[in-house]
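Commentary on secondary and tertiary structure
Residue strings, one per chain:
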Amino acid sequence: METQERILIKAHELFMRYGLLSVSMDEIANHLGMSKKTIYQYYADKDALVEGTIDIEIERSKNDCTGHRNQSENAIHEIFMAVDMVQEMLKHMNPSLMFDLEKYHPKAYKKFLDHKNKFFHEVIKSNLEWGITEGLYREDINVELLTRFRLVTMFFMFDKENFPAPKFTPGQVIAEITDNFLFGMATAKGQKLILKYKQQRQKK
């Protein structure tokens with residue numbers, strides 16, 4: 001493995017586990033068994049490593065979302081697959097990461113926002129249009145409005161002010177919000193599928 005790649009993979013692992021603020025360049029160097037000087041030959045500063053970490057997550061989300069669309073049985077199944085992916089990601093992600101990103105690394109945060117507002121927007125909008133075509137979502141829903149609503153609410157799981165731990169976990173927040181989002185726009189046919197997928201997950 002190239003040195004540059006090794007550095008980024010280790011930084012990504014530490015940032016995801018402990019949060020961005022908690023991990024220093026010294027700690028990254030120690031975990032790698034190399035000097036900070038070596039790291040700085042490849043990455044100008046911590047911001048550059050954080051940006052690289054966001055690039056990894058953006059690429060991963062693109063691959064996952066494309067995979068969900070190709071593997072899903074229908075639009076509702078695609079959303080359940082996405083929530084499963086988020087739940088798995090949360091097991092390995094420090095909940096402070098998004099807060100740290102917004103507050104201390106504005107350039108990387110803007111990169112994440114661009115991804116959210118373009119790629120995720122298109123994924124959600126496409127899902128809503130697919131669900132209407134299948135007769136799983138009501139034909140009278142405002143697709144653009146609900147796309148934006150979903151974009152905003154799916155990140156409530158990181159809102160510690162309104163959903164403080166330990167009263168609420170990020171996983172609980174995303175699951176509850178998704179259930180209400182789906183039931184709110186589903187047809188009778190769609191609601192049967194929602195219940196089917198919920199029951200399948202309860203048995204696991």
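Rules used throughout
Residues numbered from 1 in each chain as written. Predicted model: local features only at pLDDT ≥ 70, side-chain atom pairs only at ≥ 80, totals over all residues. Heavy atoms only, no water. Helix = DSSP H or I, 4+ residues; strand = E, 2+ residues; numbered from the N terminus. Buried < 20%, exposed > 50% of the residue type's maximum accessible area, 1.4 Å probe, protein only. Contact = heavy atoms within 4.5 Å. Lys, Arg positive; Asp, Glu negative; His and termini not counted. Charge placed at Lys NZ, Arg CZ, Asp CG, Glu CD. Core = buried A, V, L, I, M, F, W, Y, C linked by side-chain atoms within 4.5 Å. Patch = residues over 30% accessible without salt bridge, like charges linked within 9 Å, V, L, I, M, F, W, Y side chains within 5 Å. Areas by Shrake-Rupley, 256 points an atom, 1.4 Å probe, with all protein chains shown as cover. Salt bridge = Lys/Arg side-chain N within 4 Å of Asp/Glu carboxyl O. Axes fitted to C-alpha atoms, helices over the stretch in contact; angles between N-to-C directions. Left-handed = near helix turned anticlockwise from the far one by under 90°. Phe/Tyr/Trp six-rings, centres within 6.5 Å; stacked < 30°, edge-to-face > 60°. Arc of directions from axis to C-beta. 1 Å grid on protein atoms, 1.4 Å probe; cavity = no way out; pocket = protein on both sides within 12 Å on 5 of 7 lines; lining within 4 Å. Points joined across faces, edges and corners; volume = space filled by probe spheres on them.

A closer look at the overall build of the chain
A count of helical and extended segments in the chain gives ten helices and zero strands. When the elements of the chain are put in sequence order from the N terminus, they spell out α-α-α-α-α-α-α-α-α-α. Expressed as lengths along the three principal axes of its C-alpha atoms, the size of the chain is roughly 60 × 35 × 30 Å. Residues classed as buried in the chain amount to 44% of the 204 residues present. Partitioning the contacts of the chain with sequence separation of at least 6, the portion at a separation of at least 24 is 70%. Both charge centroids of the chain, one from 29 positive and one from 29 negative side chains, sit 3 Å from each other.

Quick look at the nonpolar core
In terms of nonpolar packing, the biggest core is built from 57 residues, with Ile28, Ile39, Leu49, Ile76, Leu101 and Tyr137 touching the most fellow members. Of all the elements, helix 5 (residues 75-91) adds the most residues to this core, at seven residues. Non-local contacts of leucine 49, meaning those with residues more than four positions away in its chain, are made with Ile7, Leu8, Ala11, Phe15, Met25, Ile28, Ile39 and Tyr43.

Looking at a nonpolar patch on the surface
Together, Leu21, Phe99 and Tyr104 line one region of the surface with nonpolar side chains, adding up to about 300 Å² of accessible area. Among the secondary structure elements, leucine 21 is positioned in the loop between helix 1 (3-18) and helix 2 (25-32).

Some remarks on the packing of helix 5 against helix 10 (residues 188-203)
Where helix 5 meets helix 10, the axes come as close as 10 Å, and the angle between the chain directions of the two elements is 30°. Once helix 5 is placed against helix 10, the crossing between them reads as right-handed. Counting all contacts with helix 5, which are made through Ile76, His77, Phe80, Met81 and Asp84, the residues of helix 10 involved are Gly190, Leu193, Ile194, Tyr197, Lys198 and Arg201.

With respect to the packing of aromatic side chains
The final tally for this structure, using the stated rule, is nine aromatic pairs. Residues phenylalanine 120 and phenylalanine 155 carry aromatic rings whose centres are separated by 6.5 Å and whose planes lie at 45° to one another, so their mutual orientation is tilted. Placement of phenylalanine 120 in helix 7 (residues 106-134) and of phenylalanine 155 in the loop between helix 8 (143-153) and helix 9 (170-185) is noted, with a sequence separation of 35 residues between them. Relative accessible area serves as the criterion here: at 12%, phenylalanine 120 is assigned to the buried category.

Some words on helix 2
Within helix 2 the residues assigned to the buried category are Met25, Ile28, Ala29 and Leu32. Along the axis of helix 2, the buried positions cluster into a sector of 100°, meaning they face one direction only.

Notes on empty space enclosed by the protein
Enumeration according to the criterion identifies one cavity of 30 Å³ or more in this entry. What the largest cavity holds in volume is close to 30 Å³. Surrounding the largest cavity, Met16, Leu20, Val50, Thr53, Ile54, Leu97 and Leu101 form its lining. Secondary-structure elements contributing two or more residues to the lining of the largest cavity are helix 4 (46-71) and helix 6 (97-104).

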